[in-house]
Amino acid sequence: MSSLNIDWSNLGFNYIKTDFRYISIWKDGKWDDGKLVEDNMLTISEASTALHYGQQCFEGLKAYRTKDGSIQLFRPDANANRMISTCRRLLMPEFPVERFIDAVKQVVKANEGFVPPYGTGATLYIRPFMIGIGHNIGVKPAPEYLFGVFCVPVGAYFKGGQTPVNYIVTDFDRAAPKGTGGVKVGGNYAASLLPHEEAAKEGFADCIYLDPATHTRIEEVGAANFFGITRDNKFVTPVSQSILPSITKYSLMQIAEEYMGMEVIERDVYIDNLDEFCEAGACGTAAVITPIGGIKYKDKLHVFYSEEEVGPVTSKLYNTLIGIQFGEIDAPKGWIYTL
Ligand code: PLP
Ligand code: COI
């Protein structure tokens, strides 16, 4: 598809082949120089560890078109560092932060025509990933690795944008207490497919995962982190080593504190104490902030602010976040990278 026939205002979260992607190969103990390529197909060994043993990981970040037509990235260094922590957990080679940012910039520049126009609400979603490749059959780290970056123009992940959606608590776990929940590996998402499908069949946007040890505390909202606003205006978000540390969530914590003067607390959030919150949301790169209308738990739907309308604090957080991302509001130092 050429960028010329894209309906920017009605984009969903779907794959579109853009013009260029970046690839670098790790072999004999080092990364090669990396390059942009046009081919969007990979040819790898049938015995790649990524295919059999899940030795692979990914990241997700976005490029934003600002009012003056320029393009900016939101905290790519944080994604680069999170990929390094994932690689350490899976015994994969680290891709250096500076090279990660450079690869992302190269891909965005090479696909500039796919960065949605300012004002459409759409963005360019960037997907860095790393896979274990090469011939291998035993359960051990791969002999070679491929680091890639491609991009796709996207609209909202959850249809409805700032319209609240409902979630249901699942009995399944997405991660074990000391497993891989805190890093961004594909296996976590494979484990989430069935619970997601069950939630969707019942008419929910996605499911809420409780902590795998006691099933009493909220961990994640599908592929997003949870936050709640208490009745005395505090921003509260769960803490656990099996939650993926969301860059959006840590950004919102800083926004709540520095831009909105709120107290911010990371602590346990008990599923049987949802009454403490007057608003709640799901946050992440893809989800941005998706207001949570209600959560169904044990046959009861707990509604926070409203099932139809976003609450005022969530709305202010959202507007400040996207204001910063699209360059309309001054960002904290170091958050914005221009191309
Ligand atoms: N939790 C999970 C499981 C995710 O996949 C994501 C998306 O990356 C997030 C939370 C949100 O993280 P971030 O804000 O860094 O995109
Ligand atoms: C993201 O927000 O980047 C995600 O990873 C969510 C999903 C598309 C996997």
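Reading guide: rules and limits
- Residues numbered from 1 in each chain as written.
- Chains lettered and ligands numbered in written order.
- Predicted model: local features only at pLDDT ≥ 70, side-chain atom pairs only at ≥ 80, totals over all residues.
- Heavy atoms only, no water.
- Domains from an automatic or database assignment.
- Contact = heavy atoms within 4.5 Å.
- Buried area = accessible area lost by both parts, 1.4 Å probe.
- Phe/Tyr/Trp six-rings, centres within 6.5 Å; stacked < 30°, edge-to-face > 60°.
- Helix = DSSP H or I, 4+ residues; strand = E, 2+ residues; numbered from the N terminus.
- Buried < 20%, exposed > 50% of the residue type's maximum accessible area, 1.4 Å probe, protein only.
- Lys NZ or Arg CZ within 6 Å of the ring centre and 35° of its normal.

(A) Structural context of the domain arrangement of the protein chain. Along its sequence, the protein chain is organised into domain 1 (3–154) and domain 2 (165–325). If you average the C-alpha positions of domain 1 and of domain 2, the two centres end up 26 Å apart. With 20 residues of domain 1 at the interface, the matching set in domain 2 holds 21 residues. For the pair domain 1 and domain 2, the summed buried area comes to about 1700 Å², and 60% of that belongs to carbon and sulfur atoms. The largest per-residue losses of area from domain 1 upon contact with domain 2 belong to Phe-58, Phe-74 and Arg-82, which jointly make up 36% of the total buried on that side.

(B) Broad picture of the packing of aromatic side chains. The full count for this structure, using the stated rule, is 14 aromatic pairs. The interplanar angle of 70° and the centroid separation of 6.0 Å between the aromatic rings of Tyr-15 and Phe-150 together place this pair among those described as edge-to-face. You can see Tyr-15 sitting in the segment before strand 1 (21–27) and its partner Phe-150 sitting in strand 8 (residues 144–154), a full 135 residues away along the chain. What makes Phe-150 partly exposed here is its relative accessible area of 24%. Ring geometry for Phe-227 versus Phe-235: centroids 5.0 Å apart, planes at 15°, classification stacked. Comparing Phe-227 with Phe-235, the two get one shared label, buried. Members of the aromatic cluster, connected to one another through ring pairs, are Tyr-22, Trp-31, Phe-95, Phe-100 and Phe-147. Note that Lys-249 overlies the ring of Tyr-250, its terminal NZ or CZ placed 5.2 Å from the centroid.

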